[in-house]
Amino acid sequence: MHPITSQELLLLLDGLDEVTYMPLCVQAIDQFSQQYGRTEMVVTTRLRDYEMLPQRLKLQGAIVLQPLTPEAVQEYLAGAEMAGLNTWLQSDKKLQELVTTPLMLQAIARAYEGMSVADFSALDSPPRKHLFNAYIERMFTRRQRGEQYDRARSLRWLSGMAWRMEQQSQTLLLIERMQPSWLRLDPKHKLTLPFWQFSGKEKTKAYQTYAIGVKAINGLIWGLIAGIVGLVAGNPSIGIVGGLVGAASTKTEPIEPVEALKWSWGNAKKWLPLGLICGVSGGLTGGLFWGVVLGMSGLLFSGLMSEKLEKTTVPNEGIWQSWENAIVFAVTGGLLCLMGWEGAGLMGKVLLPQVLSLPIFTGGVVGLVLAMLKGGDACIKHFIQHLVLYSNGDIPWNYARFLDYGAERGFLQKVGGGYIFTHRLLQAHFADLAIENYLENLLISPNQARGYLQRAHARAAIGEDSRALEDYTQAIALNPDLAEAYGGRSLVRYRLGDYQGVVEDYDQTVQLNPGLAQAISYVKCLPPSKQSANDDRSSYLVILLNDDFHTFDYVIACLLEYIPEMRRDRALQLANMVHKQGEAVVWSGCRELAALYRMQLSHAGLNMAFLEKNS
């Protein structure tokens, strides 16, 4: 007798959440249970993934594993060899949350077994950073199953992913909802620019490549659709015009997958007047039947709405659904175009009268248009974005497979069709690794001033002002005529409160590169936390004088650019005061900053009085 039919087996099914098609597996398990109801079975899965399923398993019971309690953690770490680790955990509440899983607790215990409190204080890096590095090494040495990836590339892909998610305040990654903004978020691009010039809107080379690719392919497709119409109308050049218009009007972002389609009468009513106009015009030119077909096609087109799936169970599910929708419309539209072509039906075998061929052909064109708007456009954008990220080495070709590998390694968790890092602190640590790896590669030669300058920009961009100050100073020592280093150091000193140093460095910047000095705005660099207007007994006044050639708008723009905490309404009030009274006090405070703001406004061309001490 077969072991299954004789109920001699105990089936242990581990990792339901790691299966690609969970809903189908649940159905298969339930069918098996109904057929062999007496066969004992145990299924394990992450609770979060299981709760997202549309159908639940029909088993006799369930056990939910709860997080470890603080008492259980302390009991596990009891003993002299864990005294240092236990003391450290008690002082870090975030790490206490981290060790609520047995896997993380075991990794920490193995990494720091035998270390005393003094050993922790002697670590060359913060204990938390040291811990995550040890955890990562531990996870890479675990026994592997399935496809393996190179450690260095895996770290690069994970750290790049984490850094981009941190920049967008994102914790869940759904591949189909990755946006082109990922191509703008490049540590190499952001940290290479002078940090006071980066706004987040700069177009990286990767983004420009993506935009050109999207517009080119869209132009070809829209040109093809317009060309088909042009052939029937006897003017094939319409295809060229349609392609150019299609490429020019293509929006490169956002990517909006058409995960589900529904027809909405409410949405169709918004476009009903336009549909009626098309129908009437078609009826006047081609007859009643032609007008009805045009009107109905327009109504169908305008009423179709795309929806996002509330729950996804398969990685990239939204793009696959968009692809299916696009294919259905494209195939239907193509067949209708063939059937209606010049009144000679499908492949010339089924003849149609003229009154039927034109409406059918029009329906085919509508189908091709829908193929682009209801799924095709999203698929094109997603594919080109994926191709550019892969070409830059930011992701592997099969991204979902790699993310599954990251989940198997213990770095990620799979949540339905998406992925999250196993802990928020681990995501932040991987994001820091992306910056550290970039900083390590900046100094090609320790004798190059430009290398220190770039690293200073990078450190200032991530808030490491003290270390940025050191790099700017080293760059100036190697090249005393490097204006950009003086400008950057003045901004860093401004944030650190060294106002005398700010004035000195800004003065050097003006002498070496006046245009660069004018581009520097301390207002955008965060105003000094301890220095504000009108709060110093020995404050100095920054006085703006009237002139006959600067407009109100220019004066207001300069005040907003260079004076801290300046509002537009206040700037307008001051500009009016200068115009009517001949002068106005635009700022008051410590002498160093007053001299700096006066120097900036004067350098911008405004007429400034000498500094006056506030009596």
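The structure this text deals with has already been given above.
Just so it is clear, the structure is predicted and the values come from calculations on it, not from any experiment. In this convention, every chain numbers its residues from 1, walking through the sequence in written order. In keeping with the predicted nature of the model, local features appear solely for residues at pLDDT of at least 70, side-chain atom pairs appear and are counted solely at 80 or more, and the whole-chain, interface and lining totals rest on all residues. The side-chain figures draw on all heavy atoms in the structure; neither hydrogens nor water molecules are used.

Colleague: What is the right way to read helix α23 (residues 483-496) from this model?
Modeller: Every α-helical turn comprises 3.6 residues, leaving residues that sit three or four positions apart pointing alike. Where helices and strands are cited, they refer to DSSP runs of H or I of at least four residues and of E of at least two residues respectively, numbered from the N terminus. For a helix, the expected span equals 1.5 Å multiplied by the number of residues minus one. Taking 1.5 Å of rise per residue, the 14 residues of α23 would be expected to cover 20 Å, and the 20 Å separating its terminal C-alpha atoms lies within 8% of that figure. Of all 14 residues making up α23, 11 are buried, and the element is well covered by its neighbours. When we look at burial in α23, the residues that qualify are A483, A485, Y486, G487, G488, R489, S490, L491, V492, R493 and Y494. Contacts made by the buried residues of α23 are with α21 (449-461), α22 (465-478), α24 (499-512), α25 (514-519) and α28 (591-603). In the stretch just after α23, G497 is the one whose phi turns positive, near 90°. Buried means the residue's accessible area, taken with a 1.4 Å probe over protein chains only, is under 20% of the maximum for its type, while exposed means over 50%, and partly exposed covers the values in between. Residues count as neighbours in contact if any of their non-hydrogen atoms are within 4.5 Å of one another.

Colleague: Please explain the sheet that holds strand β7 (residues 540-545) as it appears in this structure.
Modeller: Pairing between sheet strands relies on hydrogen bonds along the backbone, with the strands arranged either parallel or antiparallel. Spatial ordering of the open sheet is given by β8-β7-β9, a layout of 3 strands whose pairing is antiparallel. Because the sheet does not close on itself, it has two edges, and the strands there are β8 (583-589) and β9 (612-613). Two strands make a pair as long as DSSP finds a minimum of two bridges between them. Relative to β8, β7 runs antiparallel, the two sharing 6 bridges. Each bridged residue has a counterpart across the sheet, and for L541 the counterpart in β8 is S588. Where helix α27 (residues 568-581) meets the sheet, it contacts β7 and β8, and its direction lies at approximately 135° from that of β8. To get an axis, a line is fitted to the C-alpha atoms, and for a helix only the part in contact is used. The angle between two axes follows their N-to-C directions and goes from 0 to 180 degrees.

Colleague: Help me understand the packing of α21 against α23, please; the structure alone is not making it clear to me.
Modeller: Any two packed helices are characterised by how steeply their axes cross, that is the angle between the axes, and by the distance between the axes. Two elements in contact, α21 and α23, have axes separated by 11 Å at closest approach and are oriented at 30°. Classified by the angle their axes make, α21 and α23 are roughly parallel. Classified by chirality, the crossing of α23 by α21 is left-handed. Of the residues in α23, those touching α21 at R450, L453, H457 and A460 are E484, A485, V492 and R495. Just so you know the grouping, Ala, Val, Leu, Ile, Met, Phe, Trp, Tyr, Cys and Pro go in nonpolar, Asp, Glu, Lys and Arg go in charged, and all remaining residues, Gly too, go in polar. Grouping the constituent residues of the contact of α21 with α23 by class yields 4 nonpolar, 1 polar and 3 charged. Roughly parallel means an angle under 35 degrees; roughly antiparallel, over 145; roughly perpendicular, 65 to 115; everything else is oblique. Crossings are classed by handedness, with left-handed meaning an anticlockwise turn of the near helix from the far one by less than a right angle and right-handed meaning a clockwise turn.

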